[in-house]
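Structural description and commentary
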Amino acid sequence: MKIVCIGRNYAQHAAELGNAVPSEPLFFFKPESAILHKDHPFAIPEWTEDCHFEVEVIVRMDRAAKWIGKEHAGRCYTTVGLGLDFTARDVQSALKAAGKPWEKAKAFDGSAVVSREFVPIEELGGDIQNLTFSLLKNGETVQSGSTAEMLFPVDALIANVSKYSTWKTGDLLFTGTPAGVGPVQSGDRLEGRLEGRTMFEVDVV
Ligand code: ZN
């Protein structure tokens, strides 16, 4: 399986990093080896001085899809989860400035937190574009957003990615992060909530 992550899908987050809003979805991959093992703490890699959290709604593909239109993309999933796209921001900034790919900053071991549970969208009101989510760091809310604020809705993302890369069953789509990203430190505790439900808790070491 693969993880497809969307960059700059919330206008305020694009702005906080000094990026323009894209005219087409921006995506990158994380490998399966990036998934943080269940119930393991997140260890900040020793090669970064500025590792950021990014909370994101995750869609799990229930079927394969290639060149699918956005009007049909809703058939590809029924559940949503929540996760973190850990990012070595200092490394990413240097790579961006040099025009190089982002993998070292985005695809490293442990950089993808995936909630254990995926909740049927029907249980959450039935509209994937109307879900609220948040991230708490040491008990204080640091990020909060609604999927209503996405620049490209989930179905448009699935359709766009499928022009380039075939979706396989079990693939995960990280749908982008809202504003408020920031650094983690050893000793932090991160808690992600989707529609008020705790979806994951991660200790940082
Ligand atoms: Zn992200």
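Provided above is the structure to which this section pertains.
Let me begin by describing the structure that accompanies this report. (Residues numbered from 1 in each chain as written. Predicted model: local features only at pLDDT ≥ 70, side-chain atom pairs only at ≥ 80, totals over all residues. Heavy atoms only, no water.)

Things to note about the coordination of the zinc ion
For the zinc ion, every protein donor is listed as Glu-54 (OE), Glu-56 (OE) and Asp-85 (OD), and the spread of their distances is 1.9 to 2.1 Å. Sequence spacing of the donor residues for the zinc ion, all on one chain, is E-x1-E-x28-D. Remark: Asp-85 occurs in strand 5 (residues 79-85) and Glu-54 occurs in the loop between strand 3 (51-53) and strand 4 (55-60); sequence separation between them is 31 residues. Like Glu-54, the residue Asp-85 is buried in the burial classification. (Donors = N, O, S within 2.8 Å, 3.2 Å for Na, K, Ca; no water. Helix = DSSP H or I, 4+ residues; strand = E, 2+ residues; numbered from the N terminus. Buried < 20%, exposed > 50% of the residue type's maximum accessible area, 1.4 Å probe, protein only.)

Re the side chain of Thr-79
Note that Thr-79 resides in strand 5. Discounting chain neighbours no more than four positions away, the residues touching Thr-79 are Ile-58, Val-59, Arg-60, Phe-118, Val-119, Pro-120 and Ile-121. (Contact = heavy atoms within 4.5 Å.)

Digging into the sheet that holds strand 6 (residues 87-88)
The sheet built from three strands is open, its strands ordered 6-3-12 with antiparallel pairing. Strand pairing shows two members of the sheet lacking a second neighbour, strand 6 and strand 12 (182-183), which therefore form its edges. In the sheet, strand 3 pairs with strand 6 via two bridges, with the strands oriented antiparallel. Each residue of the ladder has a partner; that of His-52, found in strand 6, is Thr-87. (Pairing = 2+ DSSP bridges.)

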